[in-house]
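Listed below are the residues making up each chain.
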Amino acid sequence: MHTKSLTELAADLASGAVSSTELTQAYLDRIAALDSQYNSFITTTPEIALAQAKAADEARAAGQAGTYTGLPIAHKDLFCTEGVRTSCGSKMLDNFESPYDATVVAKFKAAGAVMLGKTNMDEFAMGSSNESSFYGASRNPWDTNRVPGGSSGGSAAAVAARLTPAATGSDTGGSIRQPAALCGITGIKPTYGRVSRYGMVAYASSLDQGGPMAQSAEDCALMLNVMAGFDKMDSTSSQRDVEDYSAKLNDSISGLRIGVPKEYMSDDLDPLIAERVQAGIKELEKLGATVKEISLPRTRMSIPAYYIIAPAEASSNLSRFDGVRYGHRCENPKDLMDLYTRTRKEGFGAEVKRRIMVGTYALCAGYYDAYYNKAQQIRRLIQQDFLAAFNEVDLILGPTTPHPAFKIGEKNNDPVSMYMEDIFTLSLNLAGLPGMSVPCGTVEGLPVGMQLIGNYFDEARLLNVAHQFQQVTDWHKQTPAGI
Amino acid sequence: MEWETVIGLEIHVQLSTQTKIFSGASTAFGAEPNTQACAVDLALPGTLPVFNENAQRMAIMFGLAINAEIGKRAVFERKNYFYPDLPKGYQTTQLEKPVVGEGYVDITTDDGSRRVRIHHAHLEEDAGKSLHEDFHGMSGIDLNRAGTPLIEIVSEPDMRTSKEASEYARKVHAIVTTLGICDGNMAEGSMRCDCNVSIRPKGQEEYGTRTELKNINSFRFIERAIDTEVARQIDLIEDGGTVVQETRLYDPDRNETRSMRSKEDANDYRYFPCPDLLPVVVDDEYVEAIRATLPELPDARRERFISEYSLSEYDAGVLSAYRPQADYYEAVVAASKDAKLAANWVMGELAKNLNANDTDIKESPVNAEQLGGLLQRIKDNTISGNIAKKVFEHMWSEGGTADEIIEAKGLKQVTDTGAIEKVIDEVIANSTSQVEQYKAAEPDKRGKMIGFFMGQVMKATGGKANPGAVTGLLKKKLDALCD
């Protein structure tokens, strides 16, 4: 049962082949038995899950079930969950129980979903390996000596190990797509503003976007139907109408114009991944798509621009963690400054401190123009590159990551090399565009992903293309050995 | 050396919105600590601001009232600093693109009139309060005020005397209370002033080094604080010292200013545009719709008081400065049909009693109709001005209309000439020595001597005799004795 997709499980619930309680218990049992290998959950919520499953079964018996009623979900531990610890992977919030639900969490609740628990993540979503988590790194189910990617590594590992059929993630510079690629699952980062950020602990507000992570594009569509939409509590959420993301999945992609940026198929890229992506392109051509080379000349500039803007916003967003109102507070502070410095020294890990320092520096009066303003200019240029490309093509395609999953500890002493892993994903966040990662093969037994990039609010097209690809390939159905 | 003082004011005005600038919590004053602070005000992880459009509307009202350019695209920025009563670790404010651009107000003092240019006014959120007493060496934090909308009104350094500074503050107070965008309660902190003060040799173009006097909350203290600071600066320079740019605190109890922090200690606030809030875009139609709702402003009302009621500049200025008082005055005029008499009473007897009882005119125990009724009885000679004061006192403490009180107390004025003549004859008969003196006096000194007889008649009639009639009759009868 655990290998079934979210869509298949929805059908089984609808037909009565299985009850939500049975399904939920099966996943809870798997988590209890297996997660010590993966460390993909920070918190499990069996009591809540079983109560929600029971309620879902009752709703179904009463004829009040929707598509999502009774389906299990795991939430990345930066979505606030009422009465449940929301740690953000940080010691700072290890003791923090949110008094309210994030909008995304509330929407899944309202849709009848069953929350299995909260998944592991890089501390405050800062990282590409999950190693910055206060709770220890989550492990890649394909090779537990390797990272699952980050920052939504726990969600990706949990879906890959089939500990949950679906999980929420968040993506600031690739944090849904990169772990999805490294764990062989499907994930989509929607257009900035498509999914409410209310209750999603902020890393870099102008870049953060929540999104679905699951086995397939079809499953992601099911989730996005629940997650997407305007929220009056988030001023940056879009008022644009939400499509039915499942409706166009089976449309033909004949005539689709695909652009492949030459900057993505470059020396930065592992040649074996380039091969897998080329093979993926061939499949889409067989389905009637046309492919041409395009150029996104500022791709490399996205790394310095991102690593100014994101830390700058983070340095401000994380100021609230001061030990005054909630979260970690140092013992016996001798005065106010001691309270601040010791609380933050003890509560934050190294990567978070590094980014707070970088961001604080970048925003300082004398450097603001040279760094922050320059980065914002680059950001606009990157956006212009994409808009120019979308005049010629309907969709942009390339690799999600330059390499497959690396070994735990391998890049710990080299943050810049870790940052380079985000080279293909960062620019979308800077532009606010939607993108998704779709499994397209394995390299030496490790999964790799193909990234689809759409124009603004073109999620339905991305999901359609990905679904069509997944109708003629089975990379997304492959699982690590023993699952 | 002769010195010239240069003063610029930053005035913080709390807007009287029902809810906070970025959350739905109430802004009411005086509630139990932290009962009016919601998740957003507490800066819980994941919370986001939603801009209260009413604050925007009120700020634009102010802009229109000072003839300012209205910012078509206002941008909120984050001002980053750590303080326990600043929950997010930054204050959301406006810097580069404020809602209100350059404007001006005109003021009049004994030295003449002056135009004070306003550099800009911007919207921002208030902080909470730190309470340092009653916590056994610790500090208490009350976040009820956190997030209350403020406009900060920044003047140019256009004022040259402390009197001008206080007059400017009074004018701003008059405008915001007339607009109904602030309750004007300075004791509760609804309006707070920072005064930037410097001195320079008279005739010198260049400004001297300024100090900033923080958080002054009364007009009287503005004058005293500036006078004290100017004296300090003059002493300092004349003793060979130099003024240091710093923030100083005015202590009204000791009437001195003392250093709070120097420029060297100043924070680098690391301003950057708040990514959680969209720029606030307004079009002409929106601004014009607000303009149409503006009430008559203090300057216009003062002019009308002069032309319509023939009031002096001074009386018109005082009566138009505070909208509830101006409204009250006009209601008294309507009820009494005597603008001059109404002005004398509102600024005299009423103001005296309000001040003595520390009561706002809105809570006056004597309402405008009661006072108008009383003035009518003066006008129609039912009572004299002195008797009216007694009636007023009764009205103030016991209530009732003028007619009721006059009737109950038997205070009706005696205008019957026969009755008055009878009393005068008695007084003359009983005052032989005074009559002899009167007769012996030079005719041009007699006028002054009539006061004694007047007092006797009033005493005998309990003050009820019509003073005009008494004077006439007395003069006639006494002069007849002299012939």
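Residues numbered from 1 in each chain as written. Chains lettered and ligands numbered in written order. Predicted model: local features only at pLDDT ≥ 70, side-chain atom pairs only at ≥ 80, totals over all residues. Heavy atoms only, no water.

Novice: Help me out: how do you make sense of the pairing of strand β2 (residues 72-76) of chain A in this one?
Specialist: On any regular strand, side chains alternate: one points to one face of the sheet, the next to the other face. Residue and element names in this part refer to chain A. Burial within β2 is extensive, with five of its five residues counted as buried. Sheet analysis places β2 next to strand β3 (residues 114-119), joined by five bridges and oriented parallel. Opposite Pro72, over in β3, you have Val114 as the bridge partner. For the handedness criterion, the β-α-β arrangement of β2, helix α4 (residues 103-110) and β3 is classed as right-handed. (Buried < 20%, exposed > 50% of the residue type's maximum accessible area, 1.4 Å probe, protein only. Helix = DSSP H or I, 4+ residues; strand = E, 2+ residues; numbered from the N terminus. Pairing = 2+ DSSP bridges. Right-handed = clockwise from strand over helix to strand, strands pointing away.)

Novice: Would you take a moment to explain the pairing of strand β4 (residues 166-171) of chain A for this structure?
Specialist: Residue and element names in this part refer to chain A. Most of β4 is tucked away, with six of its six residues classed as buried. Neither face of β4 is exposed, since Ala166, Thr168 and Ser170 on one face and Ala167, Gly169 and Asp171 on the opposite face are all buried. Here β4 pairs with strand β6 (residues 209-214) via six bridges, running antiparallel. Residue pairing for β6: Thr168 is matched across the bridge by Pro212.

Novice: Can you help me understand the packing of aromatic side chains in this one?
Specialist: Think of a pair of aromatic rings as described by two things: how far the centres are apart, and how the planes are tilted against each other in angle. One pass over the full model with this rule turns up 30 aromatic pairs over all chains. Their ring planes at 35° and their centres at 5.1 Å tell us that Tyr264 of chain A and Phe424 of chain A sit as a pair that is tilted. Taken together, the residues Tyr264 of chain A in the loop between β7 (257-261) and α8 (271-286) and Phe424 of chain A in the loop between α13 (415-420) and α14 (426-431) connect sequence positions 160 residues apart. In terms of burial, Tyr264 of chain A and Phe424 of chain A fall into one category: buried. With centroids separated by 5.6 Å and ring planes inclined at 70°, the aromatic side chains of Tyr81 of chain B and Tyr269 of chain B adopt a geometry described as edge-to-face. (Phe/Tyr/Trp six-rings, centres within 6.5 Å; stacked < 30°, edge-to-face > 60°.)

Novice: Which parts of the structure should I look at to understand the side chain of Asp338 of chain A?
Specialist: The residue Asp338 of chain A is located in helix α10 (residues 336-347) in this model. For Asp338 of chain A, the residues in contact, after removing those within four places along its chain, are Cys330, Asn332, Pro333 and Thr343 of chain A. (Contact = heavy atoms within 4.5 Å.)

Novice: When you look at α8 of chain A in this model, what are you seeing that I'm missing?
Specialist: Since the α-helix advances by 3.6 residues per turn, residues separated by three or four positions end up pointing in the same direction. Residues and elements named next belong to chain A. With 16 residues, α8 should cover 22 Å at 1.5 Å per step; its first-to-last C-alpha distance of 23 Å lies within 8% of that length. Where α8 is concerned, the buried positions are Ile273, Ala274, Val277, Gly280, Ile281 and Leu284. What you see down the axis of α8 is that its buried residues fit within an arc of 120°, all on one side. Those residues of α8 that are exposed and aimed more than 90 degrees away from the buried face are Pro271 and Lys286. On its buried side, α8 packs onto β7, β8 (290-294), β9 (395-399), β10 (435-443), β11 (446-453) and α15 (459-472). N-cap assignment for α8: the residue whose side-chain oxygen lies 2.9 Å from the backbone N of Leu272 is Asp270. Backbone geometry just downstream of α8 places Gly288 in the positive-phi region, at approximately 105°. (Expected span 1.5 Å × (residues − 1). Arc of directions from axis to C-beta. Polar contact = N/O pair within 3.5 Å; in protein donor to acceptor, adjacent residues only side chain to side chain.)

Novice: What is the right way to read the sheet that holds strand β13 (residues 256-262) of chain B from this model?
Specialist: Picture the strands of a sheet paired through backbone hydrogen bonds; they go either parallel or antiparallel. Residues and elements named next belong to chain B. Pairing is mixed in the open sheet, where eight strands are placed in the order β5-β6-β9-β1-β10-β11-β12-β13. The sheet terminates laterally at β5 (103-109) and β13, the two strands that pair on one side only. Ignoring which end each strand starts from, the neighbouring axes of this sheet average 30° apart. Bridge analysis of strand β1 (residues 3-14) against strand β9 (residues 149-155) gives five bridges, and the strand direction is antiparallel. Bridging from a neighbouring strand, Glu10 pairs with Val154 of β9. In this fold helix α1 (residues 53-65) packs onto β6 (112-125) and β9, with an angle of close to 165° to the strand it touches most, β6. Strands in contact with helix α2 (residues 162-179) are β1, β5, β6, β9 and β10 (191-201); relative to β5, the strand with the most contacts, it is inclined by about 120°. (Axes fitted to C-alpha atoms, helices over the stretch in contact; angles between N-to-C directions.)

Novice: I keep staring at the domain arrangement of chain B and nothing clicks. Help me out?
Specialist: When the parts come together, some accessible area is lost, and that loss is often what is quoted as the size of the interface. According to the domain assignment, chain B contains domain 1 (8-195 + 257-287), domain 2 (298-409) and domain 3 (417-482). Of note, the centres of domain 2 of chain B and domain 3 of chain B, computed from C-alpha atoms alone, are 33 Å apart. (Domains from an automatic or database assignment.)

Novice: Would you mind going over empty space enclosed by the protein with me for this structure?
Specialist: If a probe the size of a water molecule is rolled over the atoms, the empty space left behind becomes visible. According to the stated counting rule, one finds six cavities of 30 Å³ or more in the structure shown. Around the largest cavity, the lining comprises 22 residues; the ones closest to its centre are Phe22, Val40, Asp41, Lys88 and Glu125 of chain B. When grouped by side-chain class, the residues that make up the lining of the largest cavity number 10 nonpolar, four polar and eight charged. Empty space within the second largest cavity amounts to approximately 80 Å³. Taken together, 15 residues make up the lining of the second largest cavity; nearest its centre are Gly127, Gly173, Ser175, Tyr306 and Asp422 of chain A. Looking at side-chain class alone, the lining of the second largest cavity contains five nonpolar, eight polar and two charged residues. (1 Å grid on protein atoms, 1.4 Å probe; cavity = no way out; pocket = protein on both sides within 12 Å on 5 of 7 lines; lining within 4 Å. Points joined across faces, edges and corners; volume = space filled by probe spheres on them. Nonpolar A, V, L, I, M, F, W, Y, C, P; charged D, E, K, R; others polar.)

Novice: I keep staring at the environment of Asn196 of chain B and nothing clicks. Help me out?
Specialist: Residue and element names in this part refer to chain B. Tracing the sequence through the fold places Asn196 in strand β10. A relative accessible area of 12% places Asn196 in the buried class. Residues Asn196 and Ala321, 125 residues apart in the sequence, show an inter-C-alpha distance of 24 Å. A polar contact is formed between the side chain of Asn196 and the side chain of Arg210, at a distance of 3.4 Å.

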